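# Observations on the model geometry
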Amino acid sequence: RQPRRQGLRLLLFVFIAVLLSAAVVLTQVAWKSPFNTHTNHGAEAMLNNFVETGKTVTDNQQQPLIDRSHRIEIPDQNRTLAFVHIGKSGGSTISLLLRNGCMSAADGTPCDPPDRWQKVPGQTEETIASKRIQFYLHTPHVNSGKIAEYYKRVTSVVVVARDPLERFVSAFLSQHPRNIDATRIRNLRVRKTAEARGIEPPVWAKRTYSVGGDQETDAVHRAAYTGCYSSPEMFATCADPSPREPVVDKVYKQKIFWNKQGFKDRVISLKCREVCRGIVSGKSKYILHLRFNYEAFLKDLPPETEVLVVRTKYLWQDWIDVNNRLGSKRRVNIPDEHSGGDVVNARGRLPARNNLSPGGRKIICQFLTNEIRIYIDLLNRAVNLSDDDVRAALKGVQVNCPFVMKSLEEKARDNP
């Protein structure tokens with residue numbers, strides 16, 4: 001009986017020793033030192049992958065709007081590219097760095113000059129992205145009704161993207177008559193100074209128009225800003241879905257003047273709430289870049305298209321990363337910040353500024369719900385963004401539009 005007990009004790013001891021050894025191995029895998037850079041193989045790799053996957057799943061369960069399952073990555077040897085410029089997101093700056101960054105390139109007419117990127121200060125060598133991006137897409141291409149056809153010609157798109165509320169405010173202020181007039185005067189002064197010195201003016205000092213340069217439309221546009229929405233906060237009040245007086249039935253009547261083969265005039269009547277709601281929903285002609293929004297640009301983007309995103313907030317960081325992904329072997333130069341070339345179309349210190357209150361932001365955000373949803377989907381599809389990149393971007397949207405984000409998160413949880 002005594003030998004039998006000793007044998008049982010020995011077996012129990014061996015069993016406990018095996019368990020402890022397994023625990024040590026698992027602990028070493030789970031808490032592996034960051035200084036250990038050897039390649040994992042076999043069971044250790046499987047265990048380590050399990051730990052990392054579990055961490056990612058847990059993080060993404062906490063943020064249900066992160067879903068990277070629809071990312072498509074194209075082998076580089078098969079990749080063909082277009083650049084998509086969604087207005088007020090930094091696309092004008094990037095387009096100047098592309099040999100095919102002009103409107104005509106999408107229809108087969110080369111840009112003039114082809115070495116246009118050399119006009120941007122600080123550019124000593126053409127980037128690989130400039131060489132490989134075949135054409136550029138902007139508002140005229142969406143307006144043509146052929147955007148779906150353009151997308152079918154490439155496997156991949158590089159898209160500039162910005163927080164929807166920030167993009168909305170930027171678009172609103174960029175078309176404000178006071179800012180347009182101030183920008184026009186500033187740019188004219190810069191061009192004349194350059195001309196007097198016998199040098200070429202900076203790329204950003206271009207002529208500035210309002211709604212495409214048509215004088216009658218421009219006059220109506222200016223009247224709408226004057227009478228219906230002179231500031232972002234006034235616009236929010238104008239678009240507010242609650243039936244508050246005196247905005248509900250406000251009609252702004254004004255005589256407008258323009259010069260087209262002689263001076264002309266007419267009286268216009270603007271139903272302010274109808275105009276404001278049309279603008280914020282992307283159905284109005286009054287503010288160009290709010291009409292050509294995320295939905296207008298991306299509704300025809302095929303699900304099998306690879307997406308690379310350049311975020312406005314990290315414009316140059318992402319631009320460098322995109323070039324590296326495309327095979328750049330050299331340092332990617334960015335425009336000289338002292339030349340103004342790094343911030344083409346930036347507002348700077350202009351007279352009309354953002355004055356949205358928390359209540360005003362809430363109103364605008366409600367109308368931007370679909371834009372926010374599309375923006376999140378775009379970020380999720382971006383092969384060059386990590387989960388942490390997407391998470392950080394969503395935190396920004398959360399700060400601007402918490403009620404919309406809460407609603408979208410609840411829907412995502414209810415419909416996983």
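Counting restarts for each chain, with residues numbered from 1 along the sequence as it is written. In keeping with the model being predicted, local features are shown solely for residues with a pLDDT of at least 70 and side-chain atom pairs are shown and tallied solely at 80 or more, while totals for entire chains, interfaces and linings include all residues. The side-chain figures draw on all heavy atoms in the structure; neither hydrogens nor water molecules are used.

## A short note on the overall build of the protein chain
By definition, any uninterrupted DSSP run of H or I lasting at least four residues is a helix, any uninterrupted run of E lasting at least two residues is a strand, and each is numbered from the N terminus. When helices and strands are tallied, the protein chain shows 18 helices and six strands. Note on contacts: a residue pair is in contact if any heavy atoms of the two residues lie within 4.5 Å. The long-range fraction of contacts in the protein chain, counting pairs at least 24 apart against all pairs at least 6 apart in sequence, stands at 75%. The accessible surface values rely on the Shrake-Rupley method and a 1.4 Å probe; as for residues, cover is taken only from the protein chains in view. Accessible surface, the protein chain as shown: approximately 23100 Å² in total, 54% of it carbon and sulfur.

## Digging into the sheet that holds strand β3 (residues 156-161)
Note: two strands are recorded as paired if DSSP finds a minimum of 2 bridges between them. One open sheet holds the four strands; their spatial order is β2-β1-β3-β6, and the pairing between them is parallel. Each end of this open sheet is capped by a strand with a single partner; those strands are β2 (133-137) and β6 (306-311). Neighbour to neighbour, the strand axes of the sheet diverge by 25° on average, direction disregarded. Where β3 lies against β6, six bridges are found, and the strand directions are parallel. Pairing of Val-157 across the sheet is with Val-307, part of β6. All axes here are fitted lines through C-alpha atoms, helices being fitted over the stretch that makes contact, and every angle between N-to-C directions spans 0 to 180 degrees. Of the strands in this sheet, β3 and β6 are in contact with helix α14 (residues 315-325), which crosses β6 at around 150°.

## What about the state of the cysteines?
The rule for a disulfide is simple: a pair of cysteine sulfur atoms within 2.5 Å. Under the counting rule described, the total for this entry stands at four disulfides. Paired by a disulfide, Cys-102 and Cys-111 hold their sulfur atoms 2.0 Å apart. Its S-S torsion of about -100° marks the bond between Cys-102 and Cys-111 as left-handed, since a negative value means left-handed. For Cys-365, the disulfide goes to Cys-401, at an S-S distance of 1.9 Å. An S-S torsion of about -65° defines the bridge between Cys-365 and Cys-401 as left-handed.

## A look at the pattern of salt bridges
When a carboxyl oxygen of Asp or Glu is within 4 Å of a side-chain nitrogen of Lys or Arg, the pair counts as a salt bridge. Across all of its chains, the model carries 17 salt bridges by this definition. Ionic pairing is found between Arg-79 and Asp-76, a salt bridge with its closest N-O pair at 2.8 Å. Here Asp-76 falls in the partly exposed class, since its relative accessible area comes to 31%. The residue Lys-146 makes a salt bridge to Asp-107 at a minimum N-O spacing of 3.7 Å. Placement of Lys-146 in the loop between α5 (139-143) and α6 (147-152) and of Asp-107 in the loop between α3 (91-95) and α4 (128-132) is noted, with a sequence separation of 39 residues between them. Partly exposed describes any residue whose relative accessible area lies between the buried limit of under 20% and the exposed limit of over 50%, with all areas from a 1.4 Å probe on protein chains only and scaled to the type maximum.

## Topic: the environment of Val-404
Within the element layout of this structure, Val-404 appears in helix α18 (residues 402-414). Taking the C-alpha atoms as reference, Val-404 lies 8.5 Å from Lys-362; in sequence the two are 42 residues apart.

## Remarks on the packing of aromatic side chains
Think of it this way: a Phe, Tyr or Trp ring, Trp meaning its six-membered ring, pairs with another when their centres are within 6.5 Å, and the plane angle makes it stacked under 30 degrees, edge-to-face over 60, tilted otherwise. Per the counting criterion, the structure on display carries nine aromatic pairs. Taking the centre distance of 4.9 Å and the plane angle of 70° together, the rings of Tyr-225 and Tyr-229 count as edge-to-face. Of the two residues examined, Tyr-225 and Tyr-229, each falls in the buried class. Following the ring pairs from residue to residue traces out a cluster consisting of Phe-168, Phe-172, Tyr-225, Tyr-229 and Phe-235. In this structure, Arg-153 is placed above the aromatic ring of Phe-135, and the distance from its NZ or CZ to the ring centre is 4.4 Å. Two conditions define a charge located above a ring, namely a distance within 6 Å from the ring centre to NZ of Lys or CZ of Arg, and an angle within 35 degrees of the ring normal.

## Let's talk about the pairing of strand β5 (residues 263-271)
By the bridge criterion, nine bridges tie strand β4 (residues 251-259) to β5 in an arrangement that is antiparallel. For Tyr-252, the partnering residue across the bridge sits in β5 and is Leu-270.

## Quick notes on the side chain of Asp-240
Turning to its location among the elements, Asp-240 is positioned in the loop between α10 (232-239) and β4. If near-sequence neighbours (up to four positions away) are discounted, Asp-240 is found in contact with Arg-273, Arg-277 and Ile-363.

## Section: the packing of helix α17 (residues 387-400) against α18
Between α17 and α18, the least distance of the axes is 5 Å, while the angle of their chain directions is 120°. Judged on the interaxial angle alone, α18 and α17 are oblique. Taking contact as the criterion, the partners of Leu-394, Val-397, Gln-398, Val-399 and Asn-400 in α17 are, on α18, Pro-402, Met-405 and Glu-409. Class assignment for the residues of the contact of α17 with α18 results in five nonpolar, two polar and one charged. The scheme is simple: roughly parallel for angles under 35 degrees, roughly antiparallel for over 145, roughly perpendicular for 65 to 115, oblique for anything else. When residue character is reported, Ala, Val, Leu, Ile, Met, Phe, Trp, Tyr, Cys and Pro are called nonpolar, Asp, Glu, Lys and Arg charged, and the others, Gly included, polar.

## Structural notes on the nonpolar core
Where a protein is soluble and globular, its nonpolar side chains tend to be buried together. We define the nonpolar core as a collection of buried residues of types Ala, Val, Leu, Ile, Met, Phe, Trp, Tyr and Cys that are connected through side-chain atoms lying within 4.5 Å of one another. Counting 80 residues, the largest nonpolar core has Val-157, Tyr-229, Phe-235, Tyr-286, Leu-298, Ile-364 and Ile-372 as the members making the most contacts within it. In this structure, Val-158, Leu-315, Trp-316 and Val-383 belong to the second largest nonpolar core, which totals 21 residues.

## What about the environment of Val-310?
Along the chain, Val-310 turns up in strand β6. Relative accessible area serves as the criterion here: at 0%, Val-310 is assigned to the buried category. Contacts of Val-310, omitting those with residues within four sequence positions, involve Val-158, Val-159, Val-160, Ala-161, Leu-315, Asp-318, Trp-319 and Val-322.

## Considerations on α17
Given the number of residues in a helix, its expected span is that number minus one, multiplied by 1.5 Å. Taking 1.5 Å per residue as the helical rise, α17 with its 14 residues ought to reach 20 Å, and the 20 Å between its terminal C-alpha atoms agrees with that figure. Looking only at α17, the buried set comprises Asp-387, Val-390, Arg-391, Ala-393, Leu-394, Val-397 and Asn-400.

## Describing unusual backbone geometry
For residues besides glycine, phi is generally negative; the peptide bonds are generally trans as well. Cis rather than trans, the peptide bond between Asp-112 and Pro-113 has omega equal to 0°. You can see Pro-113 is positioned in the loop between α3 and α4. Here Lys-88, not a glycine, exhibits a phi torsion of approximately 65°, which is positive. Along the chain, Lys-88 falls in the loop between β1 (81-84) and α3.

## Topic: the side chain of Ser-130
Looking at the element boundaries, Ser-130 is found in helix α4. The class for Ser-130 is buried, based on a relative accessible area of 0%.

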